[in-house]
Amino acid sequence: MNKPYGNEEFNPNGVGLKNGNFIGLPFDEKKAEVILFPVPWDVTVSYGEGTALAPAKILEASAQLDLFDLDLKDAWKRGIYFQPISDAVLQIRHELRPKATAYIDFLENGGQVPDNPEMQKILAEINQQCEAMNFFVYRETKKLLESGKLVGLVGGDHSTPLGYLKALSEKYERFGVLQIDAHLDLRNAYEGFTYSHASVFYNAMQLPEIKRLVQLGIRDCCEEEVELSRNNDRIEVYFDQQLKEKQYKGENWDEQCEEIISELPGNVYISFDVDGLDSKLCPATGTPVPGGLEFNQAIYLFKKVLESGRRIIGFDVCETGNAEWDANVAARLLYKLCCLAG
C-alpha cells in the first residue's frame, strides 16, 4: 500500500528513485528518525586511498536497493535521511591527501621527521586539520542527538567516528562498542598522526563512558596493540583465526555470538569497518585482509544483540572503497543497521 507524504505518494514496490535520497526514500531531515551523516575523509590512510569518496558512491548505489526486510515489516517507514556531503571537508581532504602521501612515503623510505623541517610542517598541519575534522563531527552529531535523531556515520576512513563517540559519551553515562574490523586500531599516534585511522580506538578509550570495547574479526595487528588490549580490562578481542578454529571443531556461530554479546553492556554502539568482512565483499577497501566475516554472519550478530535485550544507540560504517560493488555492500549494511538500531 502506498503511503502519502505531503502531496506525494511513495510506492515501496516501485522503481528505485534517483532523487538524491538514500534508497530513493521520500524523507527529509525533519521527518526522518535515522540520519546518515557522511564524513568524506581519508587523509591519514596508510595503504589504499579513496574511502573519502565512498559516501557519494554509497548514496548512488543505494538507489537500486529494495526495501523489503525479512525481520522488520515496513522498516523503511521509520524514515532514513542521508545528509548532504560536506564540500568543505572534502576540499580539505583533497588538499591534504597528497601531502600525507608524500609524508608516508618519506617514512617508509627510512626518513627521520625530526631531521626534516618540511615533514614536520606537514605533520603539524595534518594533525591540526584532523582535530578540526573531529570537532566538526562532534558538533554536528551532537546537534542531531539533541534533536532526538538516531545517527549512523558513513565514512570515510575509520578515524571519522571519534567525534561522534565523544558526542555519545555526553548523552550516555555508559555504553559499549562492538567493533567489527580486521584491525585493532589501537596504535598510539600511528606514523605520527595523532588521529590516524589506525589509532581511533586508542583515542576512543580515553572516554571513560565507553565501559567495554569488544573487537571482532581481528586478523592484522602489531604486538604493541595486542599487549595494550590484554592489559586493559575494558577491552575484549575475538581474533578471526581463533573464532574459525573453534568453528572447525564444532562450535557454531550462534554460540559464539552469545559469548561475544555477553561482554557488552545494555547500550551498544556498532563500529563497522568493512574490512572486517571477507575481502570478496570489500575488495577496494583501504587495507583488505584475507579472512573475515560473511555478510549474513554480521547481520545475525546484530539481530542477536537486539534479542539479548540490548539497544543499538548508534553506528558507523567506514573504510568502504570507492567502487560500485563495495558501495553496494555498504549500502545494504547501512540499511540493515538503520532498521535495527534505536
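Residues numbered from 1 in each chain as written. Predicted model: local features only at pLDDT ≥ 70, side-chain atom pairs only at ≥ 80, totals over all residues. Heavy atoms only, no water.

From N to C terminus, the protein chain includes ten helices and ten strands. Computed over C-alpha atoms, the radius of gyration of the protein chain comes to 20 Å, within 12% of the 20 Å expected from 2.2 N^0.38 for 342 residues, which places it in the range of a compact globule. Summarising its shape, the C-alpha atoms of the protein chain cover approximately 70 × 50 × 40 Å along the three principal directions. Counting across all 342 residues of the protein chain, residues that qualify as buried make up 57%. (Helix = DSSP H or I, 4+ residues; strand = E, 2+ residues; numbered from the N terminus. Rg over C-alpha atoms; globule rule 2.2 N^0.38 Å. Buried < 20%, exposed > 50% of the residue type's maximum accessible area, 1.4 Å probe, protein only.)

Okay, the pattern of salt bridges next. Under the criterion given, the structure shown has 22 salt bridges. The partner of D71 in a salt bridge is K336, and the shortest N-O contact between them spans 2.5 Å. Within this pair, whereas D71 is found in the loop between α1 (54–61) and β4 (80–82), its partner K336 is found in helix α10 (residues 324–340), the two being separated by 265 residues in sequence. Residues K280 and E294 are paired through a salt bridge, measuring 2.7 Å at the closest nitrogen-oxygen approach. With K280 in the loop between β9 (267–273) and α9 (295–307) and E294 in the loop between β9 and α9, this pair connects stretches of sequence that are 14 residues apart. Relative accessible area serves as the criterion here: at 47%, K280 is assigned to the partly exposed category. (Salt bridge = Lys/Arg side-chain N within 4 Å of Asp/Glu carboxyl O.)

Across the protein chain, the average pLDDT comes to 95, with 98% of residues at or above 70. Below a pLDDT of 50 lies the segment residues 1–7, which in the model reaches 16 contacts outside its immediate sequence neighbourhood of four places, other chains included. (pLDDT = per-residue confidence, 0-100. Contact = heavy atoms within 4.5 Å.)

A few words on the packing of α1 against α10. Each packed pair of helices is defined by two parameters, the angle between the axes and the distance between the axes. As a packed pair, α1 and α10 sit with axes 8 Å apart at the nearest point and diverge in direction by 75°. Judged on the interaxial angle alone, α10 and α1 are roughly perpendicular. Each of K57, I58 and A61 in α1 lies in contact with α10, whose residues at this interface are E324, A327, N328, A330, A331 and L334. Taken together, the residues of the contact of α1 with α10 sort by class into six nonpolar, one polar and two charged. (Axes fitted to C-alpha atoms, helices over the stretch in contact; angles between N-to-C directions. Parallel < 35°, antiparallel > 145°, perpendicular 65-115°, else oblique. Nonpolar A, V, L, I, M, F, W, Y, C, P; charged D, E, K, R; others polar.)

The element strand β7 (residues 210–218) is extensively covered by neighbouring structure, given that eight of its nine residues are classed as buried. Sheet topology note: the strand β6 (residues 175–180)/β7 ladder contains six bridges and is parallel. The residue of β7 that forms the bridge with V177 is L213. For β7 and strand β8 (residues 235–239), the ladder comprises five bridges, and the chain directions are parallel. Across the sheet, L213 pairs through a bridge with I235, a residue of β8. The parallel pair β7 and β8, bridged by helix α6 (residues 223–230), forms a crossover whose chirality is right-handed. (Pairing = 2+ DSSP bridges. Right-handed = clockwise from strand over helix to strand, strands pointing away.)

This brings us to the sheet that holds strand β3 (residues 34–39). The strand order across the open sheet built from eight strands is β4-β3-β5-β10-β9-β6-β7-β8, with neighbouring strands paired in parallel fashion. In this open sheet, the two edge strands, each paired with only one partner strand, are β4 and β8. The sheet shows a mean angle of 15° between the axes of neighbouring strands, taken without regard to direction. Across three bridges, β3 lies against β4 in parallel orientation. Each residue of the ladder has a partner; that of I35, found in β4, is Y81.

A few words on the packing of aromatic side chains. Counted according to the given criterion, the structure contains eight aromatic pairs. On the numbers, 6.1 Å between centres and 45° between planes, the contact of F135 with Y138 is tilted. Placement of both F135 and Y138 in helix α3 (residues 117–146) is noted, with a separation of three residues, approximately one turn of the helix. A relative accessible area of 15% places Y138 in the buried class. With a centroid separation of 5.4 Å and an interplanar angle of 75°, the aromatic rings of Y164 and Y269 are classed as edge-to-face. (Phe/Tyr/Trp six-rings, centres within 6.5 Å; stacked < 30°, edge-to-face > 60°.)

Moving on to α1. Those residues of α1 that sit buried are A54, P55, I58, L59 and A61. Down the axis of α1, the sector holding all buried residues measures 165°, keeping them to one side. (Arc of directions from axis to C-beta.)

In this section: unusual backbone geometry. The omega torsion of the bond from G155 to G156 falls at 20°, within 30 degrees of zero and hence cis. With respect to the helices, strands and loops of the structure, G156 is situated in the loop between β5 (150–155) and α4 (162–171). Despite not being glycine, D74 has its phi angle at roughly 55°, a positive value. Within the fold, D74 resides in the loop between α1 and β4. Positive phi, close to 60°, is recorded for E191, a residue that is not glycine.

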